[in-house]
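A structural walkthrough
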Amino acid sequence: MENGQKQQDPADGWLQVTVKDACGQNILGTVKVLPGRKLLDVCRENRIGLEAACNGNGTCGKCRVRIQKGDAPATKDDRNIFSSQELADGYRLACRVEIFSDLAVCVGGGLETTRMQTLGLSGSGFSDAAADREKERVCMIAADLGSTTLAAVLLAEDGTVLGQESAVNTQRSYGADVISRIQASNEGKREALRDCICRDLAGLFQSLVTQFAKTYRQTVRVSKIAVAANTTMMHLLRGYSCETLGAVPFTPVNLGLECLPYREVFAECADGPACPACGDSMVYLLCGMSAFAGADVTAGLYSSGFWQTPEQECAFFVDLGTNGELACGNRAGFVTASAAAGPAFEGGRLSCGIPGIPGAISDVSFFCHRVRIRTIGQKKPCGICGTGALSAAAALRQEHRMDAEGLLEPQLFANGFVLASGEDGRKICLTQADIREIQMAKAAIRAGIEILQEGVQVDRVYLAGGFGNYLQPETAFAIGLFPPEWKGKVILCGNTSLKGAVAFLTDDACGGALEEICGKNETVRLEECPSFADLYLRKMRFPSLP
């Protein structure tokens, strides 16, 4: 063993592990484990949503913990990630900590209990109408099941938004992207992944119901739930096999609309349904188009306005997230593609990357050659999300501190550019490796855009996804994510997947339109296009400065 420790015989007794959050709150209690277990596995089993973008391979540095009590010698992977001072302070990778003594550890922020930012829907917050104070309120819930984040809204029967919540997808413990999770599912983690997402969603639903009941002192009964998600997330929610989803010809088990009782969808969630108010509801899982264009895209094409584009015009739809979903065309027909951008746009695989939680650096600029940052919710900085990383790259380029090839100036090459310091004193940086992640992500998206719009003139561009809430179009042009001819044509749409789920519950025309959308799609696999590889390499470069 790398730690040089003698493995203890389980007969000698169980070991105790205590996990606390960054504020010192006990989030796990004390559990007994067998000697030799990995700390990350213990956290997974106890539903502590540590991020593990590399699925526990010791390379991403995301599952950092701080050992407060017990013995956990540093491994080679720890030494590759942490500085000498951080190692001395007890920082370790949970995926590399093998438990051979009683441990007390502290985990960082961004757990499954972390609430995300508001969702940008009209009517956000709680209605103050006197009619809300009835004895029981019959409501509906619309949800967007994303690879990184979950979002949901509570709706009155007339469609009024009564409340909204969002949280982190704890499946991130099994990898940052859908490929990692498909692999984990195929390696025997299918039920664990399903349990994660069932509990996450049920907890989110319960939070919505509890908050409304607390505010208005009335009980809630949920009659309908609509869920939009990409095809992989929908498979993991249903517990479907991902064997055919992750291999050519990428055949989904099901793409059609499913209407199921709540207790059937959540039946195998440990301890049963966690939201009693939803127990008798019907759950609608919206229809998708292919393995690469799921229900989130179908819902987005409807709610963004893309589907209303007349035949004589051409629109482009871009949903930026762990994958970049693209569509080009109009209501007569369109082509879709998925660009494997990786998780950089949502903070994954960045050295200090986090999802778009309060405190995430979301915008970076320079004033008189001094760096300025903006954080989500105006909270103290705790990391950098995708839009922050892109704006930082754009700002460094404009300051001539990074060249068109993406190379930082020599004095920044070793340790990166410091953006801010977190509350724990740790430097929040953008490193050379982070720049490479950004380049690869934006090159995949831009190459896909070039292929889909070849030979056509685009009249308007719908930018969707939670990422689109904070991305400034100027940043997208500055780093070469969008072609220059799109200037003045970009419409920020927010979370169109969630808005599509809302429309399904409130708009009588939506259900039929979603089915029609699925019938008008032609899917393009970018990796099979002869020009993709060349375009990808060329679009790695940043644009020349004026």
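Residues numbered from 1 in each chain as written. Predicted model: local features only at pLDDT ≥ 70, side-chain atom pairs only at ≥ 80, totals over all residues. Heavy atoms only, no water.

1. A short note on unusual backbone geometry
Quick reminder of the rule: Numbering of helices and strands starts at the N terminus; helices are DSSP runs of H or I of at least 4 residues and strands are runs of E of at least 2.
Cis geometry is adopted by the peptide bond preceding Pro249, which originates at Val248 and carries an omega value of 10°. If you trace the backbone, Pro249 turns up in the loop between α5 (231-238) and β10 (258-261). The phi dihedral of Phe250 falls on the positive side, at around 60°, and the residue is not glycine. Inspection of the secondary structure assignment puts Phe250 in the loop between α5 and β10. Of note, Gln378 is a non-glycine position whose phi angle comes to about 55°, a positive value. Examined against the element boundaries, Gln378 turns out to sit in the loop between β16 (370-375) and β17 (383-384).

2. Regarding the sheet that holds strand β20 (residues 460-464)
Using the following cut-off: A pair of strands counts as paired when DSSP detects no fewer than two bridges linking them. Between N-to-C directions, angles span 0 to 180 degrees; the directions come from axes that are lines fitted to C-alpha atoms, helices contributing only their stretch in contact. Any pair of residues with heavy atoms lying within 4.5 Å of one another is described as a contacting pair.
The strand order across the open sheet formed by six strands is β21-β20-β12-β13-β14-β22, and the pairing between neighbours is mixed. Each end of this open sheet is capped by a strand with a single partner; those strands are β21 (490-494) and β22 (521-523). Averaged over all pairs of adjacent strands, the angle between strand axes in this sheet comes to 20°, irrespective of strand direction. The pairing of strand β13 (residues 324-330) with strand β14 (residues 333-339) spans seven bridges and is classified as antiparallel. Along β14, the bridge assignment pairs Gly324 with Ala339. Contacting β12 (315-320), β13, β14, β20 and β21, helix α7 (residues 295-304) crosses the sheet at an angle of about 130° to β12. Sitting on the sheet, helix α10 (residues 432-452) touches β12, β13 and β14, and the angle it makes with β13 is about 15°.

3. Details of the confidence of the model for the protein
Where we set the bar: pLDDT expresses, on a scale from 0 to 100, how confident the predictor is about each individual residue.
The predicted model of the protein averages 86 in pLDDT, with 88% of residues at 70 or higher. This model gives residues 109-118 a pLDDT under 50, and the stretch forms 43 contacts once residues within four places in sequence are excluded. Note that residues 123-133 has pLDDT below 50 and, in this model, 24 contacts with residues that lie over four places away or in other chains.

4. Section: the pattern of salt bridges
Here is the rule we go by: Any Lys or Arg side-chain nitrogen found within 4 Å of a carboxyl oxygen on Asp or Glu counts as a salt bridge. Throughout, exposure labels follow a simple rule: accessible area from a 1.4 Å probe, protein chains only, divided by the maximum for the residue type, with under 20% read as buried, over 50% as exposed, and the rest as partly exposed.
Following the criterion strictly, the structure yields 16 salt bridges and no others. As a salt-bridge pair, Arg64 and Glu86 come within 4.0 Å of each other at their nearest N and O atoms. Here Arg64 is found in strand β3 (residues 64-69), whereas its partner Glu86 is found in helix α3 (residues 84-88), with 22 residues between them in sequence. The exposure class of Arg64 is buried, given its relative accessible area of 17%. Among the residues examined, Glu86 registers a relative accessible area of 16% and is labelled buried. Salt-bridge contacts for Glu405 lead to Arg541; the nearest nitrogen and oxygen are separated by 2.1 Å. Taken as a pair, Glu405 in the loop between α8 (386-398) and α9 (410-413) and Arg541 in the segment after α14 (532-538) lie far apart in primary sequence, 136 residues in all. Using a relative accessible area of 40% as the deciding quantity, one classes Glu405 as partly exposed.

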